[in-house]
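# Topology and contacts: notes
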Amino acid sequence: DPPLLDPESSKCHQLAPSYVPGLKAKSFWNIENIDWCTKLRDSYDTIKEEFLRVTSDADKLAKEGNNVWSGALTDEASGYGEGWKTLVLKD
């Protein structure tokens, strides 16, 4: 886990709302070394099928809505533009 620092007294405190334990800044990752990544890869067909089914009826989606799309969690993320949504996979 990341070190716990008091945001009021620390000048280096940063909130990471999408913190993934063990994930470091790196150009490329071997997904074989990341358990949740291999599970996600192995479930691709099921995830794709479910996503296409849920998003296939635009009228129903507009009428009933959905609860899988998340707006920006931080001010920095809102810089992507109005209406930007994220499909959160791990949080």
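Along each chain, the written sequence defines residue order, and numbers are assigned to residues from 1. This being a predicted model, a pLDDT of at least 70 is required before a residue's local features are given, and a value of 80 or more before pairs of side-chain atoms are given or counted; all residues contribute to the totals for chains, interfaces and linings. The basis for every side-chain value is the complete set of non-hydrogen atoms in the structure, without hydrogens or water.

### Considering the overall build of the protein
- Per the convention used, a helix needs a DSSP run of H or I reaching at least four residues, while a strand needs a run of E reaching at least two, with both numbered from the N terminus. Scanning the protein for helices and strands turns up three helices and two strands.
- Along the chain direction, N to C, the helices and strands of the protein fall in the order α-α-α-β-β.
- For every residue, the accessible area (1.4 Å probe, protein chains only) is compared with the maximum for its type, and the residue is labelled buried under 20%, exposed over 50%, or partly exposed between those bounds. For the protein, with 91 residues in total, the buried portion stands at 5%.
- Within the protein, residue pairs in contact and separated by at least 24 positions form 22% of the contacts whose partners lie at least 6 positions apart.
- Accessible areas in this description were obtained via Shrake-Rupley with a 1.4 Å probe; residue shielding takes into account the shown protein chains only. Total accessible area computed for the protein in this model is approximately 8500 Å², and 53% of it derives from carbon and sulfur atoms. Any two residues having at least one pair of non-hydrogen atoms within 4.5 Å are treated as being in contact.

### Here we look at the confidence of the model for the protein
- With 53% of its residues at a pLDDT of 70 or more, the protein has an overall mean of 75.
- Values of pLDDT, the confidence the predictor places in each residue, fall between 0 and 100. Element-level pLDDT for the protein is lowest in strand β1 (residues 69–70), with a mean of 64, against a maximum mean of 90 in helix α2 (residues 44–55).

### Considering the pattern of salt bridges
- By definition, a salt bridge exists where a carboxyl oxygen of Asp or Glu is found within 4 Å of a side-chain nitrogen of Lys or Arg. One pass over the full model with this rule turns up three salt bridges.
- The partner of K39 in a salt bridge is D35, with the nearest N and O atoms 3.2 Å apart. Taken together, the residues span about one helical turn, with K39 and D35 both in helix α1 (residues 35–42) at a distance of four residues.
- Accessibility expressed as a relative area gives 52% for D35, which makes it exposed.
- R41 is the partner of D42 in a salt bridge, and the nearest nitrogen-oxygen pair spans 2.9 Å.
- Note on R41: relative accessible area 38%, which makes it partly exposed.
- Taken together, the salt bridges that share partners define one network made up of E32, R41 and D42.

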